[in-house]
Amino acid sequence: MSKNAPAKTADFLLDVHTEPLPARFVAPALEQLKANAASLLAGRVAHGEISTYGTLRHLVLFIAGVAAKGEDKTERFKGPKEAAWKTPDGAFTPAAEGFARKYGVSAADLKPEGGVLYAEVFSKGEPAAALLRGFVPELLKSLQFPKFMTWEETGFKFGRPIRAITALHGDKVIGVELAGVKSGRAVYGHPTYSNKPLTLKDPAKHRKLLRDNLVIAGPADRHAYLIKQLEAAAKSAGGFADLDEDLIAETVDMTEHPSAVVVHLKDKHLLLPADLLKLVMKKQLKFFPVLDAKGGLLPAFIGVRDGRSEGNILVAEGYHRVLEARFNDAAFFYDRDCKVTLAGRLPSLERVTYQKQLGSMKDKAERVLKIAQHLLTENLSTDGEIVLSAVEYAYADLVTEVVKEFPELQGTMGAIYASQMPGSMKFAGAIKEFYFPVSAKASLPTTPGAALASLAGKLDSLAGCFAAGLIPTGSADPYALRRQALGAVRILIEVEGLAVDLEAALSFALEQQPEGTTRDEKVRAQLADFVWGRATSYFEERGFAVDEIRAVRAGALRDLPAALRRLEAVKNARRDPSFEALAAAFKRASNILKQSKGLEREVAGDRARLVDKAELALYDAVQDAEAQVAARVKDGDYAGALGGLVSIKPHLDGFFEHVMVMVDDEPLKLQRLALLARLVNAFKRVADLSEIQTPAA
Amino acid sequence: MKSFQEIIMTLQEFWSREGCAVVQPYDLEKGAGTFNPATFFGALTTVPIRAAYVEPSRRPADGRYGDNPNRLGKYFQFQVILKPAPAGITDLYQKSLKALGLNLKEHDLRWIEDDWESPTLGASGVGWEVWLDGMEVTQFTYFQQMGSMALSPISVEITYGLERLAMFLQKKDNVYDLDYGGGLRYGDLHKAQERQFSRYNFETADTALLSRHFNEWEAEGERLVGLGDPLPAYDCVVRISHLFNTLEARGAISVTERAHYIGRVRTLARKVMQLYIAKAQPEAHHV
């Protein structure tokens, strides 16, 4: 706050009343409204807390206690050099005069500093009304929507048409005109309740005014209200509402006054697969299924209407009719699908293009089968029949009517249709889980067999797309390769009982890609880097630092579960106060080795060629450490392996204190370099400690 | 309760009072009311337009032999096109529902994000599906682009699905049970059509003839573009678009061919649009 802030303040309210915004636009718009308001007003006018609330039809900004007048300020502008200020006879030069005039000061008032002239311009704070008049359009222009539109002649871009702007500072209207709309004090309630304008006199009463007109304006209030409604409705139907988080979030921003309506179904409706019914309810109609205690479907659902009426009888009738129509549609597709077995669908895969260069789905299935066979060679204890049968049938449901209609049921429907074939019980589960995990946090395949089948599918997608040059850039990732790479990483780390060298598996998958695609060393490296990038974010998510992750890069993809334990070992060792200094010493050693350009690799280390006491001591310590690290790593005890560092530390310090590496005696220099290389390499199987960031020395 | 024909008459009267020219359906088979020249050309230029019309829409692949109570291979849209888009158009739409006898307080009226895109026409728009108690009864679109050009002024297109709306208003579960008016049910007039056209579209259409016609009407369209007459050339676009839909329903088009066919319709549509703008309204280049 500036010292001349007037004591008089008043609340400011901005309500942008729009045609219905898509639900997904609302929360991001409110966040921006708040952040952008704060940054636009910073230093311009004193104010209290900034808050926002809103619905699909109202984006509302409320700023407590906005001062009546903006802040005074002095701005400095850089001008000509001091040498060009005055002529030899002491008059101001035309350049100095011109510069001063430009900023409305006299040349005599210019201030020299560091050989340059400055004009200092003082401006008194504007009245708040004028300031806010400029602020409102600036703020609304700053909002970013996932998609913009234009609708009127000024061509203003926004998420949906703006129909009214309410802007009040205290009881005064802040007059602005934007997108052909003039601001005022009119506020609009729920459109089916009343569309007559209401009059707002005090910004603080805005929320209440909307609430009285059937609009619950606070998203958190609406959320709480919805949950209460859903729970009560489910209870009355004798079950529990399927509280799907995405659907709840969407419903909160899709309604201004959510009211739960229970609708009862006939049992015959529940004959279709439950996953299909749930999807029809949630995805197509935005209804909440009602479940029993075990998660099974009960013959009832809850629709959430926007608005309110006595009993909601007509609404319930309408919901029932529309659900019945959708279920009939689904039944039509399902019945048609059941007329052909999954095996009978395999030939059709030839006619479905996966990608132009990568061939049909049949070609893909054949590659995935080969990759699965390759993975099985490392995992002999896994039931190969499950893996190979699952892979064989995994894509067959893509040509079924239900999956064409509901692509998100791929896998789920495959498992259902598979279980209609004799002898399929064993692998139907692996088909269901073939696309798992379907998102970053979603569940993983539950058995090693399902996991390997799923992994094989992902490896082919990754290798295929990279070979075809379809490498994700920025936000463009049409084949969801980031998700698939992360899925592969999660499977290998979180599903127990798998042993997969991911680097080798990726190379193998790359080799299976068709003629005409690029399968060279460069693509192979790009692919490994890409997968490592996902692994890096996964490890970061689990709380590891970027430098720790970098330190375990070597060999990490060859054994991801080991990489996790190596990271834990590094993180653990880092708690030791001497660790940073040790890491710094390793970095020093690595830097010296970098300068030597690998010359030391030409010589065999030989203790007899060393001379200094300190280097002999280090030699012995490294010799011990090597053996110890090797033994511990063999047992998977990475923490123990790093424990050996403690005994190295004094010798390494002694070495750097007493021994000069880059001496003129070439053979001795090489021996010393070889010793350092041995030291660094000894621990590399756990971590490259020179990657650890240490505070600047 | 309003019969199917009374619903049409009510909407015609409502929009007529709002200053619309009530025009007649355009006499060619088409997949949607947007293909009617009143909309297709109407949205392209800067000249204001207000029009409303019923348009039969043929979707060969959606036919169900008259067996499915909710799906039809041919149905009717009531289309309104307004340019420039009037402020308060969503309120006006609500009023049209009230004119049909709905008390909106007793119903759940929802606006669900649904943008429209026609790669064939290089056209896109922003808007909603309107749900009445969960049933989609209207498509509401602000056109943004046509022929890959940003439009100005912006048109708004309201498309009522007449059968859906009638089923909602008459509380019918089966489209064929709708009261059409004149003592007839919807099924009396349309069931035989649905049955026979489903058979034609899925089973008996002569695909060699259809693809020959596709090629011929495409060539004719190109010729007419060359002669500088966009209106008859546009008829060729509408014809080949429907021929493509029928060939596809008949299963005569493979996945790779499909993209090729769509590309051919698009190419001709773009040429027609460019010609129309160049001929009818040189100032359209300023938009």
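Residues numbered from 1 in each chain as written. Chains lettered and ligands numbered in written order. Predicted model: local features only at pLDDT ≥ 70, side-chain atom pairs only at ≥ 80, totals over all residues.

Overview of the overall build of chain A
Here is step 1: Along chain A, the regular secondary structure elements total 25 helices and 18 strands.
Here is step 2: For chain A, whose C-alpha radius of gyration is 35 Å, the value lies well above the compact-globule estimate of 26 Å for 697 residues.
Here is step 3: If you line up chain A on its principal axes, its C-alpha atoms span 105 × 95 × 45 Å.
Here is step 4: A buried classification covers 42% of the 697 residues belonging to chain A.
Here is step 5: Residue pairs at least 24 apart in sequence account for 68% of intrachain contacts in chain A once pairs closer than 6 positions are excluded. (Helix = DSSP H or I, 4+ residues; strand = E, 2+ residues; numbered from the N terminus. Rg over C-alpha atoms; globule rule 2.2 N^0.38 Å. Buried ≥ 20, exposed ≤ 12 C-beta atoms within 10 Å, placed from the backbone. Contact = placed C-beta atoms within 7 Å.)

Concerning the overall build of chain B
Here is step 1: A tally of regular secondary structure across chain B gives eight helices and 11 strands.
Here is step 2: Taking 287 residues into account, the globule formula puts the C-alpha radius of gyration at 19 Å, and chain B, at 19 Å, falls close to it.
Here is step 3: Overall size of chain B, expressed as C-alpha extent along the three principal axes, is 55 × 50 × 30 Å.
Here is step 4: By the burial criterion, 44% of the 287 residues in chain B qualify as buried.
Here is step 5: A fraction of 66% describes how many contacts in chain B between residues 6 or more apart in sequence connect residues 24 or more apart.

A closer look at the interface of chain B and chain A
Here is step 1: Contacts between chain B and chain A engage 35 residues on the former and 34 residues on the latter.
Here is step 2: Within the residue set of the side of chain B that touches chain A, elements represented by two or more residues are α3 (89-99), β4 (109-113), β6 (123-132), β7 (135-146) and α8 (255-280) of chain B.
Here is step 3: Here the element with the most residues in the side of chain B that touches chain A is β4(B); it accounts for four residues.
Here is step 4: A class-by-class count of the residues in the side of chain B that touches chain A yields 16 nonpolar, 11 polar and eight charged. (Nonpolar A, V, L, I, M, F, W, Y, C, P; charged D, E, K, R; others polar.)

Details of helix α1 (residues 4-17) of chain B
Residue and element names in this part refer to chain B.
Here is step 1: In this model α1 runs 20 Å from its N-terminal to its C-terminal C-alpha over 14 residues, within 8% of the 20 Å that 1.5 Å per residue would give.
Here is step 2: Considered for burial, the residues of α1 that qualify are F4, I7, L11 and W15. All buried residues of α1 fall inside an arc of 60° around its axis, so they share one side.
Here is step 3: Looking at the residues trailing α1, positive phi occurs at G19, about 90°. (Expected span 1.5 Å × (residues − 1). Arc of directions from axis to C-beta.)

Some points on the domain arrangement of chain A
Residues and elements named next belong to chain A.
Here is step 1: As assigned here, chain A comprises domain 1 (9-69 + 127-212), domain 2 (73-123), domain 3 (219-338), domain 4 (353-542) and domain 5 (576-691).
Here is step 2: Each of domain 1 and domain 3 has a C-alpha centre, and the two are 34 Å apart.
Here is step 3: Domain 1 puts 10 residues into the contact, and the matching count from domain 3 is seven residues.
Here is step 4: Sorting elements by how many residues they give to the side of domain 1 that touches domain 3 places helix α1 (residues 23-41) first, with three residues.
Here is step 5: The residue makeup of the side of domain 1 that touches domain 3, split by class, is six nonpolar, three polar and one charged. (Domains from an automatic or database assignment.)

Considering helix α14 (residues 425-432) of chain A
Every α-helix carries 3.6 residues per turn, so stepping three or four residues along brings you back to the same face.
Residues and elements named next belong to chain A.
Here is step 1: Most of α14 is tucked away: six of the eight residues are buried.
Here is step 2: Along α14, the residues classified as buried are F427, A428, G429, A430, I431 and K432.
Here is step 3: For α14, the elements touching its buried residues are α11 (384-394), α13 (412-418) and α15 (448-467).

Comments concerning the pairing of strand β9 (residues 156-161) of chain B
All names here are of chain B.
Here is step 1: Burial within β9 is extensive, with six of its six residues counted as buried.
Here is step 2: Here β9 shows two buried faces, one formed by V156, I158 and Y160 and the other by E157, T159 and G161.
Here is step 3: For strand β3 (residues 74-83) and β9, the ladder comprises six bridges, and the chain directions are antiparallel. Each residue of the ladder has a partner; that of I81, found in β9, is E157.
Here is step 4: Bridging between β7 and β9 involves five bridges; their strand directions are antiparallel. Following the sheet pairing, Y142 is matched in β9 by V156. (Pairing = 2+ DSSP bridges.)

Brief notes about the sheet that holds strand β8 (residues 172-173) of chain A
Consider a sheet: its strands pair through backbone hydrogen bonds, and that pairing is either parallel or antiparallel.
All names here are of chain A.
Here is step 1: Strand order in this open sheet of five strands is β2-β3-β1-β7-β8, and the pairing throughout is antiparallel. The sheet is open, and its two edges are formed by β2 (50-54) and β8, each paired on a single side.
Here is step 2: Relative to strand β7 (residues 162-169), strand β1 (residues 9-18) is paired through seven bridges, and the arrangement is antiparallel. Paired with T18 across the two strands is I162, which belongs to β7.
Here is step 3: Along the sheet face, α1 touches β2 and β3 (58-67) and points at about 160° away from the line of β2.
Here is step 4: Strand contacts of helix α3 (residues 128-142): β1, β3, β7 and β8, with the helix running at about 150° to β7, the strand carrying the most contacts. (Axes fitted to C-alpha atoms, helices over the stretch in contact; angles between N-to-C directions.)

A closer look at the domain arrangement of chain B
Residues and elements named next belong to chain B.
Here is step 1: Here chain B is partitioned into domain 1 (4-201) and domain 2 (206-286).
Here is step 2: Listed as interface residues are 20 residues of domain 1 and, on the opposing side, 24 residues of domain 2.
Here is step 3: Split into classes, the residues belonging to the side of domain 1 that touches domain 2 amount to 10 nonpolar, seven polar and three charged.

A few points about the sheet that holds strand β15 (residues 288-291) of chain A
Residue and element names in this part refer to chain A.
Here is step 1: The antiparallel open sheet is built from four strands, whose spatial order is β13-β15-β16-β14. Because the sheet does not close on itself, it has two edges, and the strands there are β13 (240-241) and β14 (258-264).
Here is step 2: Pairing geometry for β15 and strand β16 (residues 297-306), over three bridges, is antiparallel. Looking at the pairing, F288 lines up with I302 of β16.
Here is step 3: Running at roughly 20° to β14, helix α5 (residues 219-236) makes contact with β13, β14, β15 and β16 of the sheet.
Here is step 4: On top of the sheet, helix α8 (residues 313-338) reaches β14 and β16; it is set at about 60° to β14, its chief contact.

With respect to the confidence of the model for chain B
Here is step 1: Summing up the model confidence of chain B, the mean pLDDT is 92 and the portion of residues at 70 or higher is 97%.
Here is step 2: Here the prediction assigns the complex a pTM of 0.79, and the interface score ipTM is 0.92. (pLDDT = per-residue confidence, 0-100.)

What to know about the confidence of the model for chain A
Interpreting fine coordinate detail is not advised for predicted regions of low pLDDT.
Here is step 1: Confidence in the prediction for chain A averages 92 pLDDT; 99% of positions are at 70 or higher.
Here is step 2: Low pLDDT, under 50, characterises residues 1-6 of chain A; the predicted model gives this stretch 10 contacts beyond four residues in sequence or across chains.

Focus: the nonpolar core
Considering soluble globular proteins, one finds that nonpolar side chains tend to be buried as a cluster.
Residue and element names in this part refer to chain A.
Here is step 1: Judged by nonpolar contacts, the single largest core of 215 residues is most densely connected at I302, A390 and A453.
Here is step 2: Sort the elements by how many residues they give to this core and α15 lands first, with 12 residues.
Here is step 3: Not counting the four nearest positions on each side in its chain, A390 is found in contact with F427, A430, I431, F434, A450 and A453.
Here is step 4: In terms of nonpolar packing, the next biggest core, distinct from the first, is built from 46 residues, L13, A29, L33 and L168 among them. (Core = buried A, V, L, I, M, F, W, Y, C linked by C-beta atoms within 7 Å.)

Remarks on the packing of α5(A) against helix α6 (residues 245-252) of chain A
In a pair of packed helices, the angle between the axes and the distance between the axes together describe the arrangement.
All names here are of chain A.
Here is step 1: At a minimum axis distance of 9 Å, the contact between α5 and α6 shows a crossing angle of 125°. Of the possible angle classes, the one that applies to α5 and α6 is oblique. When you trace α5 past α6, the crossing you get is right-handed. Of the residues in α6, those touching α5 at P219, R222, H223 and L226 are I248, T251 and V252. (Parallel < 35°, antiparallel > 145°, perpendicular 65-115°, else oblique. Left-handed = near helix turned anticlockwise from the far one by under 90°.)

Section: the environment of B:L268
Residue and element names in this part refer to chain B.
Here is step 1: Structurally, L268 can be placed in helix α8.
Here is step 2: Judged by local crowding, L268 falls into the buried class, with 25 C-beta atoms found within 10 Å.
Here is step 3: Spatially, the C-alpha atom of L268 lies 7.4 Å from that of E218, the residues being 50 residues apart in sequence.

What to know about the environment of A:A505
Residues and elements named next belong to chain A.
Here is step 1: Along the polypeptide, A505 turns up in helix α17 (residues 502-511).
Here is step 2: Taking the C-beta count within 10 Å as the criterion, A505 has 22 such neighbours and is therefore assigned buried.
Here is step 3: Along the primary structure A505 and Q420 are separated by 85 residues, whereas in three dimensions their C-alpha atoms are 33 Å apart.

Some remarks on the environment of B:N215
Here is step 1: Tracing the chain through its elements places B:N215 in helix α6 (residues 207-227).
Here is step 2: Note: C-alpha distance between B:N215 and B:I158 (57 residues apart in sequence) is 33 Å.

Re unusual backbone geometry
Residues and elements named next belong to chain B.
Here is step 1: At the junction of K83 and P84, the peptide bond is cis and its omega measures out at -5° in the coordinates.
Here is step 2: Tracing the backbone through its elements, the reader meets P84 in the loop between β3 and α3.
Here is step 3: Within the chain, D133 stands out as a residue other than glycine whose phi angle is a positive 45°.
Here is step 4: If you trace the backbone, D133 turns up in the loop between β6 and β7.

Details of the packing of helix α16 (residues 481-494) of chain A against helix α18 (residues 521-541) of chain A
Residues and elements named next belong to chain A.
Here is step 1: Between α16 and α18, the least distance of the axes is 9 Å, while the angle of their chain directions is 65°. Considered as vectors, α16 and α18 are oriented roughly perpendicular to each other. When the axes of α16 and α18 are compared, the crossing they make is right-handed. Here R482, A485, L486, A488, V489 and R490 of α16 come into contact with α18, specifically with F530, V531, R534, A535 and Y538.
Here is step 2: Broken down by class, the residue content of the contact of α16 with α18 amounts to eight nonpolar, no polar and three charged.

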